[in-house]
Structures are given as structure tokens and as C-alpha cells.
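Analysis of the macromolecular model
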Amino acid sequence: GAVVSQHPSWVICKSGTSVKIECRSLDFQATTMFWYRQFPKQSLMLMATSNEGSKATYEQGVEKDKFLINHASLTLSTLTVTSAHPEDSSFYICSASQGTAEKLFFGSGTQLSVL
Amino acid sequence: AQSVTQLDSHVSVSEGTPVLLRCNYSSSYSPSLFWYVQHPNKGLQLLLKYTSAATLVKGINGFEAEFKKSETSFHLTKPSAHMSDAAEYFCVVTPGGGATNKLIFGTGTLLAVQP
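So, here is what we can say about the structure in this document. Every value quoted in this text rests on a predicted model; they were computed, and no experiment measured them.

Details of the overall build of chain B
Across its full length, chain B carries zero helices and twelve strands. What you see for chain B is a C-alpha radius of gyration of 13 Å, in line with the 13 Å of a compact globule of 115 residues. Seen through its C-alpha atoms, chain B measures out along the principal axes to roughly 40 × 30 × 20 Å. Out of the 115 residues belonging to chain B, those deemed buried represent 43%. Counting only contacts in chain B whose residues sit at least 6 apart along the sequence, the fraction spanning at least 24 positions is 58%. Looking at chain B as shown, the accessible area adds up to about 5,400 Å², and 52% of this sits on carbon and sulfur atoms.

A look at the overall build of chain A
Broken down by element type, chain A carries zero helices and eleven strands. Each helix and strand of chain A, placed in order from N terminus to C terminus, yields the pattern β-β-β-β-β-β-β-β-β-β-β. Relative to the globule expectation of 13 Å for 115 residues, the C-alpha radius of gyration of chain A, 13 Å, shows essentially globular dimensions. The principal-axis extents of the C-alpha atoms in chain A amount to approximately 35 × 25 × 20 Å. Pairs at least 24 residues apart make up 55% of the contacts formed inside chain A by residues separated by at least 6 positions. Accessible surface for chain A amounts to roughly 5,600 Å². Of this, 51% is attributable to carbon and sulfur atoms.

Details of the interface of chain A and chain B
Counting residues at the interface gives 20 residues for chain A, matched by 18 residues for chain B. Applying the counting rule to chain A against chain B returns one residue pair in polar contact (both at pLDDT 80 or more). At the level of secondary structure, the elements contributing two or more residues to the side of chain A that touches chain B comprise strand S4 (32–38), strand S5 (44–51), strand S9 (90–97) and strand S10 (104–106) of chain A. Classifying every residue of the side of chain A that touches chain B by side-chain character gives nine nonpolar, nine polar and two charged.

Section: the environment of Ile93 of chain A
Relative to the assigned elements, Ile93 of chain A resides in strand S9. Put simply, Ile93 of chain A and Tyr36 of chain A are 57 residues apart on the chain and 5.1 Å apart in space, counted from C-alpha to C-alpha. The residues touching Ile93 of chain A, leaving out its near neighbours within four places in the chain, are Gln6, Phe34, Trp35, Tyr36, Gln38, Leu44, Phe106, Gly107 and Gly109 of chain A together with Gln38 and Leu44 of chain B.

Details of the sheet that holds strand S8 (residues 76–81) of chain A
All names here are of chain A. Spatially, S1-S3-S8-S7 is the arrangement adopted by the four strands of the open sheet, whose pairing is antiparallel. The sheet terminates laterally at strand S1 (4–7) and strand S7 (67–73), the two strands that pair on one side only. Strand-to-strand twist across the sheet, computed as the mean angle between neighbouring axes with direction ignored, equals 15°. Looking at chain direction, S1 and strand S3 (residues 19–25) are connected through four bridges and run antiparallel. Of the residues in S3, the one forming a bridge with Gln6 is Cys23.

Concerning the packing of aromatic side chains
Considering all chains together, one arrives at 13 aromatic pairs over all chains under this definition. An angle of 40° between the planes, with centres 5.8 Å apart, marks the rings of Tyr36 of chain A and Phe106 of chain A as tilted. Within this pair, whereas Tyr36 of chain A is found in strand S4, its partner Phe106 of chain A is found in strand S10, the two being separated by 70 residues in sequence. Owing to a relative accessible area of 0%, Tyr36 of chain A belongs among the buried residues under this scheme. Taking the centre distance of 5.6 Å and the plane angle of 25° together, the rings of Tyr25 of chain B and Phe67 of chain B count as stacked. Taken together, the residues span a long stretch of sequence, with Tyr25 of chain B in strand S4 (residues 23–26) and Phe67 of chain B in strand S8 (residues 64–68) at a distance of 42 residues. By the burial criterion, Tyr25 of chain B is buried, and Phe67 of chain B matches it.

Quick notes on the state of the cysteines
In the structure shown here, the tally under the stated rule is two disulfides over all chains. Through a disulfide, Cys23 of chain A is tied to Cys94 of chain A; the S-S separation comes to 2.0 Å. Between Cys23 of chain A and Cys94 of chain A the disulfide shows an S-S torsion of about 80°. By sign, it is right-handed. With Cys23 of chain A in strand S3 and Cys94 of chain A in strand S9, this pair connects stretches of sequence that are 71 residues apart. Assessed through its relative accessible area of 0%, Cys94 of chain A is described here as buried. In this model Cys23 of chain B forms its disulfide with Cys91 of chain B; the gap between the sulfur atoms is 2.0 Å. What sets the handedness of the Cys23 of chain B and Cys91 of chain B disulfide is the S-S torsion sign, and at about -70° it is left-handed.

The rules behind each value
Residue indices follow the written sequence of each chain, beginning from 1 at its first position. Both sets of labels track the order of writing: A upward for chains, 1 upward for ligands. Totals for whole chains, interfaces and linings use all residues, but because this is a predicted model, local features are given only for residues with pLDDT of at least 70 and pairs of side-chain atoms are given and counted only at 80 or more. Calculated side-chain values reflect all of the structure's heavy atoms, with hydrogen atoms and water omitted. The helix count covers DSSP runs of H or I at least four residues long, the strand count covers runs of E at least two residues long, and both are numbered beginning at the N terminus. Throughout, radius of gyration means the C-alpha value; the globule benchmark is 2.2 Å times the number of residues raised to the power 0.38. Accessibility here uses a 1.4 Å probe with only protein chains present; expressed as a share of the type maximum, an area under 20% marks a residue as buried, one over 50% as exposed, and anything in between as partly exposed. A contact between two residues is defined here by any heavy atoms of the two lying within 4.5 Å. Under the convention used here, a 1.4 Å probe and the Shrake-Rupley method define accessible areas, while residue burial counts only the protein chains that appear. The definition of a polar contact used here is a pair of N or O atoms within 3.5 Å, where within protein one atom must be able to donate a hydrogen and the other to accept one, and adjacent residues in sequence count solely through side-chain atom pairs. Ten residue types, Ala, Val, Leu, Ile, Met, Phe, Trp, Tyr, Cys and Pro, are classed as nonpolar, four, Asp, Glu, Lys and Arg, as charged, and the remainder, Gly among them, as polar. What makes two strands pair is DSSP finding at least two bridges between them. Orientation is described by axes fitted as lines to C-alpha atoms, over the contacting stretch for helices, and by angles from 0 to 180 degrees between their N-to-C directions. For this analysis, a ring pair means two rings from Phe, Tyr or Trp (six-membered ring only for Trp) whose centres lie within 6.5 Å, classed as stacked if their planes differ by under 30 degrees, edge-to-face if by over 60, and tilted for the remaining angles. Cysteine sulfur pairs qualify as disulfides if the two atoms are within 2.5 Å.

Pasting the structure below:
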């Protein structure tokens, strides 16, 4: 199947700093990428939908100024957690779509710990 | 509104014995249903999908699931567990048509396989 590379897999940062997470589709062009967040023992929650060349669409309750998403090319989307705080500590997962739900491929996730 | 409930957070089986991971869904529409597997440090991988065709769906690695509308269930089964099946499994629901931006994830079931 198609490969989606997400990195870093682990990041620890100080409160108040910003962290960037990259999501790349390695062998296909993804018109749409998605960012999810997962708290321990909870399900993945969709944060935002990112389309190449346009502004991301955020789900209700997700702060767009806190979680900046850039989708500059058909193979790369980035999520920047700005001015991170301990409550932002979570597992973040990206996915890239070739059109339908059965052609949706996931990255391996990033564990963010904010001290 | 749609939702999905995975009834067991942890399941432990012995190698060679059957696997049953339970999932119930709620949907106002004719749903599409999926099972994903996540191995440690790997991205989510699609195991199988139901999209209103045959109610018994066969997936990869010997897994299958049966869509039962009367019971609103989509349980995942495998006749004989293998050590490599140890992973986390997510049941996912989306409106009919498989809209990728409306995936609703269950909380996951961690499958342990004992030798």
C-alpha cells in the first residue's frame, strides 16, 4: 500500500515553544490530508482537513491559531503547535487521501510531550 | 449523528485460538464501516471495509467481519490467532459513500496474543 511518513515520532518541548510535525505522502499525490489527535484510551478525533493550496478546514472546538496547518504541496502537510502548553501533550496522527475512505493512508503518529 | 463503540478495550487470546473484537455502531445513514489495525510505531492499516455490498467482508491476514444491521454490529473475527496479530484495532464508521472527512473512530481494542 501507499506510504505516509510522519515525523518526528517523538518530541519533547518546553511550554511556550512551537513544534512542527510533518506529514509526507511518499509515493502518491494527496489532494487532501487530515490531522487527528488521540488522547490516552480515547479514539482519534479529527482536528482539521487540509487541501493543497487552500486554507485548512478545522473541526469545531479546534483553535486554528493554535494549530497551524500548511499544505504547500501535494505530498506535504505540516501541523505547527504554537505556544505549546502541557494540555497540548497528545498523540497526533496524519493521513493522506487518494479520494475515498478506502484509499486513506495513515502516518505512524507523533507523541508530543510539553513540559 | 454517528458513533461507534468498541466494547472491549483489551482482549487476550492464546495463539491458535479464535479472535473476536466487538464493535457496535450508530448511524442515521447507511454507513460504511471499516476496521483498521495499528502495530507499534506503524501507521494505521486498513484491514477490511463494508460499503453496502456483501454483509460478510473478508480482509487481509485472515480477518473477516459481518455487518448485522439488526444488531448494529460489525464484529471482527479470525479463526486462529497468530502472534503477529498483537496490535491495536480500531472500528470506524462513516456515512454511506465513504466520505473521508467524516470518519468516526472507536476507542480501540488492544489485542494481546499469548504463546
